[in-house]
Amino acid sequence: MKSLLLILLTLLLSGLLCIQNTFGQASSDRHVRGTVADSVSGKSMDFITVNLMVDKVTAVKADFTKEDGSFVFKKLKPGKYTVVVVGVGYKTKTLPADLSDSTKSSVDLGRIQLSPNTVGLKEVTVTSVKPIVQQEVDRITYDLQADPESKIYSVLDMMRKVPYLALDGDENIQLKGNTDFKILINGKPSSMMERSYKEVLRSMPASSIDRIEVITTPPAKYDAEGLTGIINIITHKKIDNGYNGTINVSERFPVGGPGVGGTFAAKLGKIGMTVLIGGSQYRTPSTLNAVNRNTFGERSSNMGQDGSSRSENNSGYLGYEISYEIDTLNLLSAQLNINGSYSDGSGYQRSRLNGNGEILEAYRINNSNRGNGNGMDAALNFQRTSKVDKNRLLTFSYRYFGFNNKQKSILDVTEQINFGLPDYRQVNDQGFSEQTFQVDYVYPVKKLSIEAGLKGIMRNNRSDFQYDTFDPETGNYLVNNEMSNKFSNIQNVFGAYNTYQYNLKKWSLKAGVRIEQTIVDADFISTDSKVRQSYFNVIPSVSVNRKLKNNNALNLGYSQRIQRPGIWQLNPFVDRSNPNFERTGNPDLRPAFVNDVQLSYSINKKASVNAGLGLTAFRDLIFGVAVYDPETNITQTSFENSGTARLIMAMLNINYPITKKWNFSLNARAAHGKVKGTVNNVPVTNQGIMSQTSVSTGYRLKNDWRINANLNINGRNINLQGVSNAMTSYSFSVNKDVIKDKLSLSAAANNPFTKFRSFRRETFGPDFDQLDYRRDYFRTFNFSVNYKFGKLKEAIKKNKRGIRNDDVQSGG
């Protein structure tokens, strides 16, 4: 293993020496200039795109004209060039610029006249159907801009249509049926996704997103974390000199609330910037819940609970990225993401424990809870491009990320029978900070592309949790030191990777290996106890793509991944908001591992079809394990590396334009899962079939009207100790373009004929079985207004490499 690290370091250092040689040549001072004007009015034209070409397809430089119509390309090498002048509504002009003569230092093209590109009396309309789904060697891409419903729904809602993705009954994203994955924004981590992705994705309009990539076989350049893969959300990136943006205003009720979101991108000369911003309110009206638990053995009993709860969450986010093109070879960029939320909830719960035909205990708890959190990350990247090969890149990156979450619950206990618990309150203040240093090197050689990199991540998790009980004599809350603690968890990860991609006419191969050393140092300050862990991992990955006839393709991928436990799984804070059902973390957790094989076949004709098969094997899987204690009548759920699992999966995604106006799509997944583990020292096995199906159809009417219908069928979900019930939902929507490609109005009805949905989860153990029931609002209505604006000329340039901390699970 050490020799492998030495090879990678040698490769990287060799690349740096090569870069020094290939980057160090100075440019000459030759230049090409000119002025652009309207051939009819004779007026000078600004913001006209001018490209400097070395052949018909390769542009070495691009610029736009100034207010006086002038442009200039400086520091050119000797050679023959072509200047291409492009203006919207004008005929393209092509002019030669010969600097091959060593005695000639400049070419002045003079005043270039652009002629209007007039069209006859009949309007000419060019239409084409964009493929919604595309398969690449290691990922599959869903184009949101090609889906008309992106104007209506949030990014979270649209996840149902993306291959390999689904939403469960609580709107948690599942990737290949698993909730352990990583979400990136434009290939980079963001605090918006790492603290609480649902809050942000609910308020993020899908119209502000270009596409969603599902990286099913993450290559070695990505960190090893995320058992089932990576979801990469791509915002609008390709813009011209000038600006563009989107604004979306929406309302959802009775569940949900108002929201606003949008994007803005601008480029002026060498400076480019993008902004992603939004905020929303999410209200959940009062809903009913109940629990029924039966225990067996010498002290058999029955516990029944019922209650209700309501909540309101206000959240907002801002993402900003700026880049500065120092020259044609050097690029500096920075990013800043901030987000925050505030929640307020209340509810009550009645409880009764029966045994031997009598009431053993009973009580009622009124619960008031508040929470607030905020996250921030900032990054700086420097990219150096080789003069010999524009695809040869060296990137240095630094990133800081941190978040804080604080939750406070006040619980009043009344109507007590044989239950002496005083009023109490819980405060859990937890935080996370991280610094990352990274260097990446890309070296293409003809059809082979070589990548290598080094990375260091220094993390610090902390938690200060406090349990206070009410003292009736003093009228104050007193700290219970036995139930309170301070917790610190330091985790350092050091990694190196090497990846190779080889492209032939019909074959593409990507393979690589990543090595990671993880060091964990946990300290329970109040109890003076410590945990030390260190583990070394070698993570291989390989993907093969074979292009077939008629634009079809076959894909095969293998990857090994790990799941490092997050702070919410490690945190030993005991949530006692329900005194008979406690929840806590486990600081002794180890990482879980998975081996994943995927085979897929794609057809791209009139219909776009993607079908796949997969086999996934897990070990040391982290499960929430529920154990009943007959002495206290408490069921405590904690996380343990308690099991192994096997998942056999089939996936089918179809997008078919039945006619020019009518389209149909299907996204379906079925899997057979089998999980084995240990609960309270007793072996447990659970298995069964799980499935998700999403069907959508839309029809375009006259005068830019469009109607859509959706059907979602989620089968039951299986875990180590139980199963949750199936769910079927449906929706209808209508969209109207008020100003074509600019302003649109949308409305949707979700489950209009079903007011409530029943959620049921069955849990079993060696000495108990339990049924959790919740009745949620199901019927909701959406209204939204979407507006696009802008004036564009040339694409913004961004770093092709940057920090990707995809080694900690997203949670949620």
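Analysis parameters
Residues numbered from 1 in each chain as written. Predicted model: local features only at pLDDT ≥ 70, side-chain atom pairs only at ≥ 80, totals over all residues. Heavy atoms only, no water. Pairing = 2+ DSSP bridges. Helix = DSSP H or I, 4+ residues; strand = E, 2+ residues; numbered from the N terminus. Axes fitted to C-alpha atoms, helices over the stretch in contact; angles between N-to-C directions. Polar contact = N/O pair within 3.5 Å; in protein donor to acceptor, adjacent residues only side chain to side chain. Contact = heavy atoms within 4.5 Å. Core = buried A, V, L, I, M, F, W, Y, C linked by side-chain atoms within 4.5 Å. Buried < 20%, exposed > 50% of the residue type's maximum accessible area, 1.4 Å probe, protein only.

> Looking at this structure, I do not really get the sheet that holds strand β12 (residues 182-185). What am I missing?
The strands making up a sheet associate through hydrogen bonds between their backbones, and the pairing can be parallel or antiparallel. What the five strands build is an open sheet, ordered β8-β9-β13-β14-β12; its pairing is mixed. Two strands in the sheet have a free side with no partner beyond their single neighbour: β8 (133-135) and β12. Sheet twist, expressed as the mean angle between neighbouring strand axes with direction ignored, is 20 degrees. Of the strand pairs in this sheet, β12 and strand β14 (residues 230-235) are connected by four bridges, and their pairing is parallel. Looking across to β14, one finds that Leu184 is bridged to Asn232.

> What is the right way to read the side chain of Thr295 from this model?
Inspection of the secondary structure assignment puts Thr295 in strand β17 (residues 271-295). Engagement of the side chain of Thr295 in a polar contact is seen with the backbone oxygen of Arg299, the distance being 3.5 Å. One polar contact links Thr295 to Ser301, side chain to side chain, over a distance of 2.7 Å. Beyond its immediate stretch of four places on either side in the chain, Thr295 contacts Ser300, Ser301, Tyr628, Asp767 and Phe768.

> Would you explain the nonpolar core in this entry?
It is characteristic of soluble globular proteins that their nonpolar side chains tend to be buried jointly. Met159, Ile173, Leu201, Ile231 and Ile233 are the most contacted members of the largest nonpolar core, which totals 53 residues. At five residues, helix α3 (residues 191-203) tops the list of elements feeding residues into this core. Apart from residues lying up to four places away in sequence, Ile233 is in contact with Val155, Met159, Ile183, Leu184, Ile185, Asn186, Met193, Leu201, Ile209 and Arg211. In this structure, Ile48, Leu52, Tyr81 and Ala97 belong to the second largest nonpolar core, which totals 18 residues.

> Please explain the pairing of strand β25 (residues 485-503) as it appears in this structure.
Every other side chain in a regular strand lies on the same face of the sheet, so the side chains alternate between the two faces. By the bridge criterion, 18 bridges tie strand β23 (residues 448-471) to β25 in an arrangement that is antiparallel. Across the sheet, residue Gly453 finds its bridge partner in β25, namely Tyr497. Examined bridge by bridge, β25 and strand β26 (residues 507-524) share 17 bridges and lie antiparallel to one another. Bridge assignment links Gln491 to a residue of β26, and that residue is Val520.

What is shown is where atoms sit, not what they do.
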